[in-house]
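Summary of the model geometry
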Amino acid sequence: MKKYDIITFNDHVYCINSEDLCSIYVIIGTNKAMVIDTGMPSNDKIMPLIRKLTDKELIVCLTHGHYDHIGHLNEFDKVYMGMEDLPNFNNPKNKQYVNKLISLHDEMIFDLGNLKIKAIKTPGHTPGSYTFIDYDDKYLFTGDEFGSGCGVWMQVFDALPLSKYIESIDNFINYLKSNYDIDINDWTYLGGHYGQEKTSRFGYNPLNAEMVLNLKELSRLLLLDKVELIPSDAMKFNNEQSYYVSYKNAEMVIRKSNIK
Ligand SMILES: [Zn+2]
């Protein structure tokens, strides 16, 4: 049995964190509870851990379709996901779950009773990436869109080109500025690998608006060929070399064919 820790953020928001550093978030409202991401596939059952936290009806959403966020789908009846990530289900292991998927759409609202969680499209790390906004708690559940404490992976096979990522960051920050009355620096970002928050090259690299804006600047400088590309041994895709790049506190792994 894999080891799981439960992290408590407040009396209704929790993170089930596996020893392999994947995070499943549980937000409990007065009527329903929301599960964001379903962790790394394993033979363990995740439902007993969720049921320790809540007996409410569950709404299950995925930040994106990568394998380390879509485990345990055999334990759920239906799951919301950005359908642009459907190609990740095109293999024998995941195909069986396709009929459980329901399409997310931009600004979709999930009503948990006292809490309303909004999904917004934030493509980049994958084309179907979504961020979930919990305004009452000032929490943003960002999956891998901005990395999770140790740099965003833009070398993965389905990452969008950097020009699209820049657009996506702009849309995201503008959305927060124009739809909410709080300062963009006052949100707490909860990434898809909460336990990784301390493995950054910088020792500790929390997600926040400043870092996200630095990711945008890093992307812009990469397009201008103004960033040093340091060969990285991070996972390779398409047989291409991966490179580590950084700007201030923003870190990224990139492959050259995505710098466009
Ligand atoms: Zn991912």
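Residues numbered from 1 in each chain as written. Predicted model: local features only at pLDDT ≥ 70, side-chain atom pairs only at ≥ 80, totals over all residues. Heavy atoms only, no water.

Among the structural elements, His12 can be located in the loop between strand E1 (4-8) and strand E2 (13-18). Judged by its relative accessible area of 17%, His12 falls in the buried class. Residues His12 and Thr54, 42 residues apart in the sequence, show an inter-C-alpha distance of 9.3 Å. For His12, the contacting residues outside a window of four places in its chain are Val26, Ile27, Ile28, Leu115 and Asp137. One polar contact links His12 to Asp137, side chain to side chain, over a distance of 2.9 Å. (Helix = DSSP H or I, 4+ residues; strand = E, 2+ residues; numbered from the N terminus. Buried < 20%, exposed > 50% of the residue type's maximum accessible area, 1.4 Å probe, protein only. Contact = heavy atoms within 4.5 Å. Polar contact = N/O pair within 3.5 Å; in protein donor to acceptor, adjacent residues only side chain to side chain.)

Take the packing of aromatic side chains next. The geometry of an aromatic ring pair is captured by two quantities: the separation of the ring centres and the angle between the planes. Within this structure, the stated rule accounts for 14 aromatic pairs. Relative to Tyr139, the ring of Phe9 has its centre 6.1 Å away and its plane inclined at 65°; by these criteria the two rings are edge-to-face. Linking Phe9 in the loop between E1 and E2 with Tyr139 in strand E11 (residues 139-143), this pair joins segments that are 130 residues apart in sequence. Taken together, the ring pairs connect Phe9, Tyr25, Tyr139, Phe141 and Tyr194 into an aromatic cluster. (Phe/Tyr/Trp six-rings, centres within 6.5 Å; stacked < 30°, edge-to-face > 60°.)

Moving on: the coordination of the zinc ion. Protein ligation of the zinc ion involves His64 (NE2), His66 (ND1), His125 (NE2) and Asp144 (OD), the donor distances falling in the range 2.1 to 2.4 Å. Given four donor atoms and angles of 89 to 168° at the metal, the environment of the zinc ion is assigned as irregular. In terms of primary sequence, the donors binding the zinc ion are separated according to H-x1-H-x58-H-x18-D. Across this residue pair, the class does not change: His64 and His66 are buried. (Donors = N, O, S within 2.8 Å, 3.2 Å for Na, K, Ca; no water. Tetrahedral: all angles 85-135°; square planar, octahedral: opposite > 155°, others 65-115°.)

Strand order in the open sheet formed by four strands is E12-E16-E15-E14, with mixed pairing between adjacent strands. For this open sheet the edge positions go to strand E12 (152-154) and strand E14 (230-237), each flanked by a neighbour on one side alone. The mean inter-strand angle of the sheet, taken between neighbouring strand axes irrespective of direction, is 30°. With five bridges joining them, strand E15 (residues 240-247) and strand E16 (residues 250-254) adopt antiparallel strand pairing. For Val245, the partnering residue across the bridge sits in E16 and is Met252. (Pairing = 2+ DSSP bridges. Axes fitted to C-alpha atoms, helices over the stretch in contact; angles between N-to-C directions.)

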